Amino acid sequence: MKYGKFPWIMKSIAIFTTAATGLLFLASQNWQASWLLVCAISFGTTAYHFVMRLAVGYLLPKLTDYDFDYRHVWFQPRKWEPVFYKKLQVRKWKGKLPTYSPNQFSLEYQSLYRIIQNMCGAELVHEIIVVFSFLPLLAVPLWGEFWVFLITSALAALFDSIFVVAQRYNRPRLNPNDTSMYTILGKVHFHILSILL
């Protein structure tokens, strides 16, 4: 499977921020410096967000095999979504988003139906991440620094919401019953397909 640099970047950031959290926490305890504790909390929260994303992205496909019914009400577009997406100008920027596993969305490796299932799975991964992004707020009573936790959680949730929007924008444009699409496009990578839609 082809992954590109994106997984390597995410894993590297997770390792770096986890190590930095430990070092900064030890330094803050050794020198009793509150600014080092704030830095440790910031790096720790960042480490949590990266490790959590990697864990959710790894576990959900293993537990579900992305065997989702795209016709389920959860995955159906709402009436307000097209207007919302038009205001956000999703069509202009959706093709610029990084993809962790491009092969999951490639007609070279997947059927159109499987790509749609993978899109449902990717949407659900990012929706779970949005919710889990706010779990660090539970550490506020222990560490204080409410604003550090709130800002990092809100930014992380907003970041993953972008991917939810992209999945929900793209998926209704694909018709799993249209076999001619595969014939016409052949082995074109889904990224190109998503830009065309």
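The preceding data block contains the structure.
A brief report on the enclosed structure follows. (Residues numbered from 1 in each chain as written. Predicted model: local features only at pLDDT ≥ 70, side-chain atom pairs only at ≥ 80, totals over all residues. Heavy atoms only, no water.)

### A few points about a nonpolar patch on the surface
Selection criterion: Think of a patch as exposed residues, more than 30% relative accessible area, with no salt bridge, where like charges cluster within 9 Å and nonpolar side chains (Val, Leu, Ile, Met, Phe, Trp, Tyr) cluster within 5 Å. Areas reported as accessible are Shrake-Rupley estimates using a 1.4 Å probe. Residue values count occlusion only from the protein chains shown. Each salt bridge in this description consists of a side-chain nitrogen of Lys or Arg and a carboxyl oxygen of Asp or Glu lying within 4 Å of one another. Runs of E in the DSSP output that reach at least two residues are strands. Runs of H or I that reach at least four are helices, and both are numbered from the N terminus.
Where nonpolar side chains cluster on the molecular surface, the patch consists of Phe146, Trp147, Ile151, Leu155 and Leu158 and spans about 570 Å² of accessible area. Within the secondary structure, Trp147 sits in helix 7 (residues 146-170).

### Concerning the packing of helix 2 (residues 34-64) against helix 5 (residues 112-132)
The following threshold applies: Only the stretch in contact is used when fitting a helix axis, every axis being a line fitted to C-alpha atoms; angles between N-to-C directions are given from 0 to 180 degrees. A clockwise turn of the near helix away from the far one marks a right-handed crossing, whereas an anticlockwise turn of less than a right angle marks a left-handed crossing. Here, residues are in contact when the closest pair of their heavy atoms is within 4.5 Å. Charged means Asp, Glu, Lys or Arg here, nonpolar means Ala, Val, Leu, Ile, Met, Phe, Trp, Tyr, Cys or Pro, and polar covers whatever is left, Gly included.
Two elements in contact, helix 2 and helix 5, have axes whose closest approach is 10 Å; the angle formed by their N-to-C orientations is 145°. The crossing of helix 2 and helix 5 is right-handed. In this structure, helix 2 contributes Tyr48, Met52, Arg53, Val56, Gly57 and Leu60 to the contact, and helix 5 contributes Gly121, Leu124, Val125, Ile128, Ile129 and Phe132. Taken together, the residues that form the contact of helix 2 with helix 5 break down as nine nonpolar, two polar and one charged.

### Focus: the packing of aromatic side chains
Each aromatic ring pair is summarised here by two numbers: the centre-to-centre distance and the angle between the ring planes. Defined as follows: Any Phe, Tyr or Trp ring, taking Trp's six-membered ring, that has another such ring centre within 6.5 Å forms a pair; planes under 30 degrees apart are called stacked, those over 60 apart edge-to-face, and the others tilted. Type-normalised accessible area, obtained with a 1.4 Å probe on protein chains alone, sets the label of each residue: buried when under 20%, exposed when over 50%, and partly exposed for intermediate values.
Taken as a whole and judged by the stated rule, the model has eleven aromatic pairs. Ring centres of Tyr66 and Phe68 lie 6.1 Å apart, and the angle between their planes is 40°; on these two criteria the pair is classed as tilted. Each member of the pair, Tyr66 as well as Phe68, carries the same accessibility label: buried. Each ring, one from Tyr70 and one from Tyr113, has its centre 6.0 Å from the other, and the planes form 75°; the classification is edge-to-face. Of the two residues, Tyr70 is situated in the loop between helix 2 and helix 3 (81-88) and Tyr113 in helix 5; the sequence distance between them amounts to 43 residues. With a relative accessible area of 18%, Tyr70 lands in the buried category.

### Section: the side chain of Glu123
Mapped onto the secondary structure, Glu123 falls in helix 5. We classify Glu123 as buried; its relative accessible area is 0%. Other than its neighbours up to four places away in sequence, Glu123 contacts Trp74, Phe75, Val164, Gln167, Arg168 and Arg171.

### What about unusual backbone geometry?
Positive phi outside glycine occurs at Tyr66, with the angle close to 50°. Residue Tyr66 is classed as buried on the basis of its relative accessible area, which comes to 5%.

### Here we look at the environment of Ile13
Secondary-structure assignment places Ile13 in helix 1 (residues 6-31). The class of Ile13 is partly exposed, set by a relative accessible area of 30%. A C-alpha to C-alpha distance of 7.5 Å links Ile13 and Ala47, two positions 34 residues apart in sequence.

Functional significance is not addressed by these values, which are geometric in nature.
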